[in-house]
Amino acid sequence: MSGTDHTIGYEDSKIYEFTPDLEAALTVESGDSVTVETADSLEGAVMDDDEVLESVPEEVNAATGPIAVAGATPGDLLAVHIDDIRITEPAGRVVTIDGFGLLDGHENVESPRSKMTPVDDGTLSFDDLEVPVDPVIGTIGVATRDDEEGYSTLIPHDHGGNLDTTDITTGNTVYFPVFQDGAMLAMGDCKAVMADGEMCGTGSEIATEIDVTLEVVSDPAVALERPLVETDDAWKPLASAETLEEACELANQDAIALLAAEHGFDDTEAYMFSSLVGGLEISQVVDPLVTVRNAVPKAYLSEPF
């Protein structure tokens, strides 16, 4: 266990929907560190290859929380610094489910089917193949806007949610727009390994402990409408929509706003420059809304806030 200021467990409080009226299970100060304990996204429903899911559960992707951050108010940003992700069970699971996944219904793709993926000493085993473990937080978000009824933890949107983005990992920071007092952060649905796209509908779903440091950014120079990931070498706006084209447009618009603020460009100049230095990346294509990101290298975008 890390020496964090607070701990919140999956058994203590979890949600299956991000709504405007979430109630805090834990309240912390800006700058505090929190250890968040999570279950696998299927909550133990698949523990060997013979256990399969006939359909997506009504409640899935349990997100531990909500965590209120004192002082966070609408218009602020919540910076979630991901300090560490530790795997807490000996194996993950990859599944196919009828009605879910990029190749759902394709000939020779069997659904439902499950495959356990043992993890040992930083390596995941898929039969006799080995893959380096690189844990990812699949679902992470904050309370939604007042004019939104809410989104299940299976759906990504402007609040975050089921973003399934490989950059949401140790060492990176995710910035969320704050829509409600306290922000009301919750997270779960971690994967030991996941590829961009999450093609079959899951990564290697697994239980974890996540260490995060939470920071309120007040009066940001650039207002965010959607999440933004900071990596070592890039800023990556995230956007989710019904189609890849719509998500790409939103992510490009967000990148343009950042570039315009940094360089004094008008929108057209920022649009032109984004076509030179940006880079569209697919996060996931299997959820009810799809998610993309637009990577702008820090050489061209130093510090938006």
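What you see as residue numbers is a count from 1 along each chain, following the sequence as written. The predicted origin of the model limits local features to residues at a pLDDT of at least 70 and limits the giving and counting of side-chain atom pairs to 80 or more, whereas totals for whole chains, interfaces and linings rest on all residues. The side-chain values count all of the structure's non-hydrogen atoms but skip hydrogen atoms and water molecules.

Participant: So what's going on with the sheet that holds strand 8 (residues 91-96)? Which residues, and what values?
Facilitator: DSSP bridges decide pairing: two strands pair if at least two such bridges lie between them. By the criteria applied, helices consist of DSSP H or I runs no shorter than four residues and strands consist of E runs no shorter than two, each listed in order from the N terminus. Spatial strand order, 8-9-10-11: four strands in an open sheet with antiparallel pairing. The open sheet terminates on both sides in strands that have one partner only, identified here as strand 8 and strand 11 (129-132). The mean inter-strand angle of the sheet, taken between neighbouring strand axes irrespective of direction, is 30°. A fitted line through C-alpha atoms serves as each axis, taken over the contacting stretch for helices, and the angle formed by two N-to-C directions is quoted from 0 to 180°.

Participant: Can you explain the pairing of strand 6 (residues 63-69)? Please cite residues and give values.
Facilitator: Where a strand is regular, its side chains alternate between the two sheet faces. Counting buried positions along strand 6 gives seven out of seven residues, so the element sits mostly inside the fold. Strand direction decides the pairing type here: strand 2 (residues 14-15) and strand 6, joined by two bridges, are antiparallel. Looking at the pairing, I15 lines up with A63 of strand 6. Where strand 4 (residues 26-28) lies against strand 6, three bridges are found, and the strand directions are parallel. Residue pairing across strands places T27 opposite A68, the latter belonging to strand 6. Bridge count between strand 6 and strand 17 (residues 185-191): three bridges; the pairing is antiparallel. In the sheet register, A63 faces strand 17, and the bridge partner there is G188. For the exposure calls, accessible area comes from a 1.4 Å probe over protein chains only, and a residue counts as buried if that area is under 20% of its type's maximum, exposed if over 50%, partly exposed in between.

Participant: I'd like a rundown of the environment of S240, residues and numbers included.
Facilitator: Tracing the sequence through the fold places S240 in strand 20 (residues 234-241). Given a relative accessible area of 5%, S240 falls into the buried group. Distance in space between the C-alpha atoms of S240 and Q284 is 9.3 Å, their sequence separation being 44 residues. Any two residues whose heavy atoms approach within 4.5 Å are treated as being in contact. With residues up to four places along the chain from it excluded, the contact list for S240 reads P156, H157, L163, A247, L250, L289, V290 and T291.

Participant: Just give me the short version of the pattern of salt bridges, but keep the residues and values in it.
Facilitator: Criterion for a salt bridge: a side-chain nitrogen of Lys or Arg within 4 Å of a carboxyl oxygen of Asp or Glu. Counted according to the given criterion, the structure contains 22 salt bridges. Between R226 and E225 there is a salt bridge, with its nearest N and O atoms 4.0 Å apart. A relative accessible area of 6% means that R226 is categorised as buried. Salt-bridge contacts for K236 lead to E281; the nearest nitrogen and oxygen are separated by 3.1 Å. With K236 in strand 20 and E281 in strand 21 (residues 280-284), this pair connects stretches of sequence that are 45 residues apart. Overall, the relative accessible area of 23% leaves E281 in the partly exposed class. Through salt bridges that share partners, R145, E148, D158, E225, R226 and D254 make up one connected network.

Participant: Tell me about the nonpolar core, and name the residues and values.
Facilitator: In terms of nonpolar packing, the biggest core is built from 30 residues, with V34, L78, I137, I140, I168, L185 and L214 touching the most fellow members. When residues of this core are traced back to their parent elements, those giving at least two are strand 4, strand 5 (33-38), strand 6, strand 7 (77-87), strand 12 (136-141), strand 16 (173-177), strand 17 and strand 18 (208-217). Beyond its immediate sequence surroundings of up to four residues, I140 is in contact with F18, V80, H159, G160, G161, L163, I168, F176, L185, A186 and M187. By nonpolar core we mean a set of buried residues, namely Ala, Val, Leu, Ile, Met, Phe, Trp, Tyr and Cys, connected to one another through side-chain atoms within 4.5 Å.

Participant: So what about unusual backbone geometry? Which residues, and what values?
Facilitator: Following G65, the chain continues to P66 via a peptide bond in cis, the omega torsion being 5°. Along the polypeptide, P66 turns up in strand 6. With omega at 0°, the peptide bond leading from S111 into P112 counts as cis. In this fold, P112 is placed in the loop between strand 8 and strand 9 (113-120). In this structure, N61 is a non-glycine residue whose phi angle is positive, near 60°. By the secondary structure assignment, N61 is in the loop between strand 5 and strand 6.

Participant: Got a sec to walk through a nonpolar patch on the surface? Specific residues and values, please.
Facilitator: A residue counts toward a patch only above 30% relative accessible area and without a salt bridge, and it is joined to like-charged neighbours within 9 Å or, for Val, Leu, Ile, Met, Phe, Trp and Tyr, to nonpolar neighbours within 5 Å. We get accessible surface area from the Shrake-Rupley algorithm with a probe of 1.4 Å; when it comes to residues, only the shown protein chains can shield them. Where nonpolar side chains cluster on the molecular surface, the patch consists of L102, L103, V109 and M199 and spans about 330 Å² of accessible area. Along the chain, V109 turns up in the loop between strand 8 and strand 9.

Participant: Can you tell me about the packing of aromatic side chains, naming the residues and giving the values?
Facilitator: Working definition: rings of Phe, Tyr and Trp (its six-membered ring) pair if their centres are within 6.5 Å, and the pair is stacked with planes under 30 degrees apart, edge-to-face with planes over 60 apart, and tilted otherwise. For the coordinates displayed, the defined rule picks out five aromatic pairs. On the basis of an interplanar angle of 85° and a centroid distance of 6.1 Å, the ring pair of W235 and F305 is categorised as edge-to-face. Highlighted residues: W235 in strand 20 and F305 in the segment after strand 23 (296-297), separated in sequence by 70 residues. By relative accessible area, F305 is classed as partly exposed at 25%.

All we've got here are geometric facts, nothing functional implied.
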